[in-house]
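Summary of structural features
Okay, here's what each chain looks like letter by letter:
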Amino acid sequence: MPLELSDEVAVLLLRVAIVALLYVFLFSLVRLTQRELRGQAGARRMAPTQGRLVVIDRGASSKSLGQAIPLEPVTRLGRSDENTVVLDDDFVSSQHAMVVLKDGRWWVRDEGSTNGTLVNGSRIRGEAPLEAGDELQLGQIRLRFVPQEH
Amino acid sequence: MGRGWRLVELSLLVYPVGLLAVAFATLNIVRGTFWETSDVRIVVLFGALLLLLHVFLSARLGAADQALLPIVGMLVALGLIAVNRLEPSLAPRQALWIVLGCAALVGTALVLPRIDWLARYRYTWASAGILLLLATMVFGVDPNASGTRLWLGFGGLYFQPSEIMKVVMVTFFASYLAEKGVLISHAPLRIGRVVLPPLPYLAPLAAMWALSMALLIWQRDLGAALLFYLVFLALLYAGTGRPYVGVGLIFLIVGAIVAYTLFDHVQLRARIWLDPWPEAQEAAYQIVQGLTAFAAGGIMGSGLGYGYAEYVPAVHTDFVLAALGEELGLIGTLAVVALYLALMHRAFRIALRAPSTFAMLLAAGLGATLGLQAIIILGGNLRLIPITGITLPFLSYGGSSILVNFIMVGLLLRVSAESPSSGGNRA
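Residues numbered from 1 in each chain as written. Chains lettered and ligands numbered in written order. Predicted model: local features only at pLDDT ≥ 70, side-chain atom pairs only at ≥ 80, totals over all residues. Heavy atoms only, no water.

1. Remarks on the overall build of chain B
- Each helix and strand in chain B was counted, giving 16 helices and 4 strands.
- Split into buried and exposed, the 427 residues of chain B put 58% on the buried side.
- Taking all contacts inside chain B whose residues are at least 6 apart in sequence as the whole, residues at least 24 apart take part in 72%.
- Of the roughly 17600 Å² of accessible surface on chain B, 70% is carried by carbon and sulfur atoms. (Helix = DSSP H or I, 4+ residues; strand = E, 2+ residues; numbered from the N terminus. Buried < 20%, exposed > 50% of the residue type's maximum accessible area, 1.4 Å probe, protein only. Contact = heavy atoms within 4.5 Å. Areas by Shrake-Rupley, 256 points an atom, 1.4 Å probe, with all protein chains shown as cover.)

Okay, here's the thing in structure tokens:
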């Protein structure tokens, strides 16, 4: 295929244009995501605390009586350091329980703990919904669930 | 729902149209033709179509995700470039399917009264999907001599029911897990440290899975069977939060060994994957030609129109990345992979903000389907995994695949529009 010099230059420029279009597009996507993440972080700071756990019996842990623990949409409770809320009581398992916000409701889920998770004195199996004022017991620690006040 | 200026989307939509115009201009110069009218028509049609979709979304689903349509537009533009480069005679047909796909997208986003309406009739969808697959087994045709009768013919257009099964399966599993997920993860059965799921609740899921699996293996559509199984695992994990994935992978290995011993064509696929070179002229011809194309492309590529993609069999469907790899180089293929990553990111982002458990699982399942499908075929092209003939979403030539992928995007857009706190239009 005999191409004239000007055509060769044009093809070269078009090749560069194709790569540029692909990568400028991807770069704009990255910037959009960055903006969105920043907006999200701002919104999270402004959001009111949606639920808390209040310590009503600290067991052998270093928590103090009456201390309010704010809940995140997924809050992991247990003895090991990876948890959102670390409960340093010998009767608490390393990954003990999880409190999650699902469809506008709070649930507590036992994560296979040795001594179990108790809601109002009875051991739960798997997942249980939480009502305002419910008493959670993990090991020797007892916590009162207080949802968001309107 | 509602109206809203979607300026982010509008500004991003410039890129796919620009890409298509620049690529078609390159092809015209290389071929020595001066702007063939059919090419101009496709570029104008493509731009008009994206603009129409944009106007429709602004009018009806103002809060929907704004990056999804531009990402899909980029992939579709690359698909049109590939088909125009490789099989120009098929380009108008591909364009027709894209128009139909956009219509399906609008239909999906518009017709559904509520997204949860899909969940209510899950057994209807599942039965309809299975009936379609059964119909393919009886009336199936093989229009392009691929060796498998996976298509249903209708007035010159061919449709692949296993494609629509993807959406049906995701809808069914998502609605089932949304309702029963808590029960399934409840786990009352325990043997030592092993937690067994309550079997009665898992049984319908397993039955549904086994049925579609049997149909697919019967039809020898192993790529689709692999995709369905992995999507099923992803949804089970997303729906229950329990690590069934480990058990599922053991089942996958067992399934692979069984398939390997039972089917000759599976043995062949594995053999030419591990060592294609002795059979480079026979069974492994396609793989070796594909690898050669990637190698010839190098980092910068040979340039559009300068490659020898015609030597790769099925290059416009299963091996479309090989053609792009040769002519756009590593730099082009990396951009394609990044586009699929961006697509999955948007889908999972939509899932995280979904208004209900069903909508969340639906979006996550659709994202997993698109992403896993891309991984399975891209990995096959690059000889990372054995090659299974499935399409590269939006990029491969193939009508039913394009149509169904657009429906999936329609569902994702709809879910994102219903999110309670969708800040998508706050630019």
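2. So, the overall build of chain A
- Counting its secondary structure elements, chain A contains 1 helix and 11 strands.
- Ordered by position in the sequence, the α and β elements of chain A form the string α-β-β-β-β-β-β-β-β-β-β-β.
- Looking at chain A as a whole, 38% of its 150 residues qualify as buried.
- In chain A, of all internal contacts separated by at least 6 residues, the share reaching a separation of at least 24 is 36%.

3. Some words on the sheet that holds strand S7 (residues 117–119) of chain A
Residue and element names in this part refer to chain A.
- Here 6 strands make up an open sheet; going across it, the order is S2-S1-S11-S10-S7-S8 and the pairing antiparallel. The sheet is open, and its two edges are formed by strand S2 (68–70) and strand S8 (122–123), each paired on a single side.
- As paired strands, strand S1 (residues 51–57) and strand S11 (residues 141–147) are joined by 6 bridges and run antiparallel to one another. Looking across to S11, one finds that Val55 is bridged to Leu143. (Pairing = 2+ DSSP bridges.)

4. What to know about the confidence of the model for chain B
All names here are of chain B.
- In this model, chain B carries an average pLDDT of 84, and 88% of its residues clear a pLDDT of 70 or more.
- Contacts of residues 422–427 to residues separated by more than four positions or lying in other chains number 11 contacts, the stretch itself having pLDDT below 50.
- Scoring the predicted complex yields pTM 0.78 and, for the interface, ipTM 0.87. (pLDDT = per-residue confidence, 0-100.)

5. A word on the interface of chain B and chain A
- Contacts between the two partners involve 43 residues from chain B, matched on the other side by 32 residues from chain A.
- The partner of Glu36(A) in a salt bridge is Arg346(B), and the shortest N-O contact between them spans 2.8 Å.
- In this assembly, chain B and chain A are joined by 5 residue pairs in polar contact (both at pLDDT 80 or more).
- A per-class count over the side of chain B that touches chain A returns 27 nonpolar, 10 polar and 6 charged. (Salt bridge = Lys/Arg side-chain N within 4 Å of Asp/Glu carboxyl O. Polar contact = N/O pair within 3.5 Å; in protein donor to acceptor, adjacent residues only side chain to side chain. Nonpolar A, V, L, I, M, F, W, Y, C, P; charged D, E, K, R; others polar.)

6. Comments concerning helix H16 (residues 399–418) of chain B
- Taking 1.5 Å of rise per residue, 20 residues should cover 28 Å, and H16(B) covers 29 Å from first to last C-alpha, within 8% of that figure.
- With 19 of 20 residues buried, H16(B) lies mostly within the body of the structure. (Expected span 1.5 Å × (residues − 1).)

7. Things to note about helix H15 (residues 357–381) of chain B
- Here H15(B) contains 25 residues, and its C-alpha end-to-end distance of 36 Å stays within 8% of the 36 Å for a straight helix at 1.5 Å per residue.
- With 23 of 25 residues buried, H15(B) is to be regarded as a mostly interior element.

8. Some details on the pattern of salt bridges
All names here are of chain B.
- All told, the structure shown has 14 salt bridges over all chains when counted by the stated rule.
- Note that Arg122 is salt-bridged to Glu179, the shortest N-O span being 3.3 Å. Pair noted here: Arg122 is in helix H7 (residues 122–139) and Glu179 is in helix H8 (residues 161–184), with a separation of 57 residues, a long-range link.
- Given the relative accessible area of 51%, Glu179 is considered exposed.
- Across the pair Glu279 and Arg271 runs a salt bridge, and its minimum N-O distance is 3.1 Å.
- A residue is classified by how much of its surface remains accessible, and Glu279, at 18% relative accessible area, is buried.

9. Observations concerning the packing of helix H3 (residues 37–60) of chain B against helix H5 (residues 91–111) of chain B
All names here are of chain B.
- Put simply, H3 and H5 touch, their axes get as near as 11 Å, and they point 5° apart. With respect to each other, H3 and H5 are oriented roughly parallel. Facing H3, whose interface residues are Ile42, Leu45, Leu49, Leu53, Phe56 and Arg60, H5 presents Ala91, Ala95, Ile98, Val99, Cys102, Leu105, Val106, Ala109 and Leu110.
- Taken together, the residues of the contact of H3 with H5 sort by class into 14 nonpolar, no polar and 1 charged. (Axes fitted to C-alpha atoms, helices over the stretch in contact; angles between N-to-C directions. Parallel < 35°, antiparallel > 145°, perpendicular 65-115°, else oblique.)

10. Some words on the packing of H3(B) against helix H4 (residues 68–86) of chain B
Residue and element names in this part refer to chain B.
- For the pair H3 and H4, the least separation of the axes is 12 Å and the interaxial angle reads 165°. Here H4 runs roughly antiparallel to H3, going by the angle between their axes. Of the two elements, H3 crosses H4, and the hand of that crossing is right-handed. Residues Asp39, Ile42, Phe46, Leu50, Leu53, His54 and Leu57 of H3 lie in contact with H4, whose contacting residues are Leu69, Gly73, Val76, Ala77, Leu80 and Asn84. (Left-handed = near helix turned anticlockwise from the far one by under 90°.)

11. So, the sheet that holds strand S9 (residues 127–129) of chain A
Residues and elements named next belong to chain A.
- Sheet architecture is open: 5 strands sit in the order S4-S3-S5-S6-S9, paired in mixed fashion. Only two strands of the sheet have a single partner each, and these edge strands are strand S4 (85–86) and S9.
- Here strand S6 (residues 105–110) runs beside S9; their pairing, made up of 3 bridges, is antiparallel. Note on S9: the bridge partner recorded for Val108 is Ala128.

12. Focus on the packing of aromatic side chains
Residue and element names in this part refer to chain B.
- Counting across every chain of the model gives 11 aromatic pairs over all chains.
- An angle of 40° between the planes, with centres 6.5 Å apart, marks the rings of Tyr308 and Tyr311 as tilted.
- Owing to a relative accessible area of 49%, Tyr311 belongs among the partly exposed residues under this scheme.
- Arranged with centres 5.5 Å apart and planes meeting at 80°, the rings of Phe394 and Phe406 form a pair that is edge-to-face. Here Phe394 is found in the loop between H15 and H16, whereas its partner Phe406 is found in helix H16, with 12 residues between them in sequence. (Phe/Tyr/Trp six-rings, centres within 6.5 Å; stacked < 30°, edge-to-face > 60°.)

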